[in-house]
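Listed here are the chains, written in short residue letters.
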Amino acid sequence: MNDYIARATAADNSIRAFAIRSTDLVEEARRIHHMSPVCTAALGRLLSAGAMMGSMMKGDGDLLTIQYRCDGPIGGMTVTADSAGNVKGYVANPQVDIPRKYKGKLDVGSAVGHGILSVSMDLGLRDPYSGQCEIQTGEIGDDLAYYFTMSEQTPSAVGLGVKVDTDCSVLQAGGFILQLMPFASEETISALETRVAELEPVTAMLERGMGPEEILTHILGDMGLDIFETRDCRFHCDCSKERVSRALATLNKKDLDEIIADGESIEVRCWFCNKAYQFSIPELTAIEEYGSRQG
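Since this is a predicted model, take the numbers as computed values, not measurements.

1. What about the pairing of strand β6 (residues 115-122)?
- With eight bridges connecting them, strand β3 (residues 63-70) and β6 associate as antiparallel partners. By the bridge assignment for β6, L63 is matched with D122.
- Pairing of β6 with strand β7 (residues 129-134) involves six bridges; the strand directions are antiparallel. Bridged to L117 within β7 is C133.

2. Considerations on the nonpolar core
- With 56 residues, the main nonpolar core has M53, Y68, I74, M77, V112, I140 and L144 as its most contacted residues.
- Element by element, the count of residues in this core is highest for helix α2 (residues 37-54), at 11 residues.
- Other than its neighbours up to four places away in sequence, M53 contacts L64, I66, V119, L144, F148 and I177.
- In terms of nonpolar packing, the next biggest core, distinct from the first, is built from 22 residues, L178, A184, L206 and L216 among them.

3. Describing the sheet that holds strand β10 (residues 226-232)
- Here we have five strands laid out as an open sheet, ordered β8-β9-β2-β1-β10, and antiparallel in their pairing. Where the open sheet ends on each side, the last strands, each with one partner, are β8 (156-164) and β10. Pairs of neighbouring strands in the sheet enclose a mean axial angle of 10°, with direction left out of account.
- Of the strand pairs in this sheet, strand β1 (residues 4-10) and β10 are connected by six bridges, and their pairing is antiparallel. Paired with A6 across the bridge in β10 is T230.
- Here helix α1 (residues 23-33) sits on the sheet in contact with β2 (15-21), β8 and β9 (170-180), set at roughly 120° to β9.

4. Describing the domain arrangement of the chain
- According to the domain assignment, the chain contains domain 1 (18-179 + 231-235) and domain 2 (241-292).
- Domain 1 puts nine residues into the contact, and the matching count from domain 2 is four residues.
- Overall, the association of domain 1 and domain 2 removes approximately 570 Å² of surface from exposure, summing both partners, and the carbon and sulfur fraction of that is 71%.
- Sorting the residues of domain 1 by area buried against domain 2 places I32, K88 and Y90 first, and these three jointly supply 63% of that buried surface.
- Linking domain 1 to domain 2 there are zero salt bridges.
- Where domain 1 meets domain 2, there are two residue pairs in polar contact (both at pLDDT 80 or more).
- For the side of domain 1 that touches domain 2, the elements supplying multiple residues, two or more each, are α1, β4 (77-82) and β5 (86-91).
- Of all the elements, β5 adds the most residues to the side of domain 1 that touches domain 2, at three residues.
- Of the residues belonging to the side of domain 1 that touches domain 2, the class tally is three nonpolar, five polar and one charged.

Rules used throughout
Within any chain, residue numbers begin from 1 and follow the written order of that chain's sequence. For this predicted model, a pLDDT threshold of at least 70 governs which residues receive local features, and a threshold of 80 or more governs which side-chain atom pairs are given and counted, while totals over whole chains, interfaces and linings are taken from all residues. Water and hydrogen atoms were dropped before computing side-chain values, which therefore reflect all heavy atoms in the structure. Pairing between two strands is assigned when DSSP locates at least 2 bridges connecting them. Secondary structure counts use DSSP, requiring at least four H or I residues in a row for a helix and at least two E residues in a row for a strand, with both numbered from the N terminus. As used here, the term nonpolar core means buried Ala, Val, Leu, Ile, Met, Phe, Trp, Tyr and Cys residues forming a set that is joined through side-chain atoms within 4.5 Å. Residue exposure (1.4 Å probe, protein chains only): buried if accessible area is under 20% of the type maximum, exposed if over 50%, otherwise partly exposed. Contact definition: two residues touch when any of their heavy atoms are within 4.5 Å. Angles shown run from 0 to 180 degrees and are taken between the N-to-C directions of axes, each axis being a line fitted to C-alpha atoms and, for helices, limited to the stretch in contact. As annotated, the domain borders come from an automatic or database domain assignment. Defined in terms of a 1.4 Å probe, buried area is the accessible area two parts forfeit on being brought together, summed over both. Any Lys or Arg side-chain nitrogen found within 4 Å of a carboxyl oxygen on Asp or Glu counts as a salt bridge. Pairs of N or O atoms are called polar contacts if they sit within 3.5 Å, as long as, within protein, a hydrogen donor faces a hydrogen acceptor (for residues adjacent in sequence, only side-chain-to-side-chain pairs). Lys, Arg, Asp and Glu make up the charged group, whereas Ala, Val, Leu, Ile, Met, Phe, Trp, Tyr, Cys and Pro make up the nonpolar group; the residues left over, Gly among them, are polar.

Next up, the structure:
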């Protein structure tokens, strides 16, 4: 089964719903960043949520960024996603490991700790939309549900899960986001709250062979569910040497001069995909000259 997102509505459009199967993209992130199990679980949940939130945007050039600025040993996380199902992200300290809560349960909350969750969306307007909230539990799903409710005034239920094998590879990853529209009836709200409270973990549903459509049907199947779109998703970084060159050109001239004076080529790695780019002294000199002209 490939990774993909299902989008739907229910209860006469008073609920909008998203579900994702993200096992492969989370495994790709784990492989690229050489992450410990708890970091895989934390970033994997955020990647899954980011992909679904990206699918909420409409424009081809729209870009979503989610950041965790936190005091836990994980050190922070950043995920970006577009509206076409492309998502990427990284953890500040990808090899951090901490004791499990109990057998089989990774302690993501303790790894994340406290701090600020921020979300920004560049929708091609003059100023990007941005919002933030305090991290609630560090378990990612709880934090994003709180963010939607407090910052976007959209009561939401967010379920996210990542199951890691004994060899650290990803067995299952996915999730759902359910959002109540302002005109949702009290009956609909009550019914949804009851169902969400009784749900088994996302990874358990995935292990039973349920895909995104089946997960949404399991939750909302008798509430007028209308699955109107599915789209593939993947871990994808659009970095390039040209983009890195432009970033280097923004460095302070003194800093670039010092790098060039060392007389040795440098290596710059992309935070998101860990790809390395080499720059020779002639290339750095040309970048400095370009930056001076732009300045």
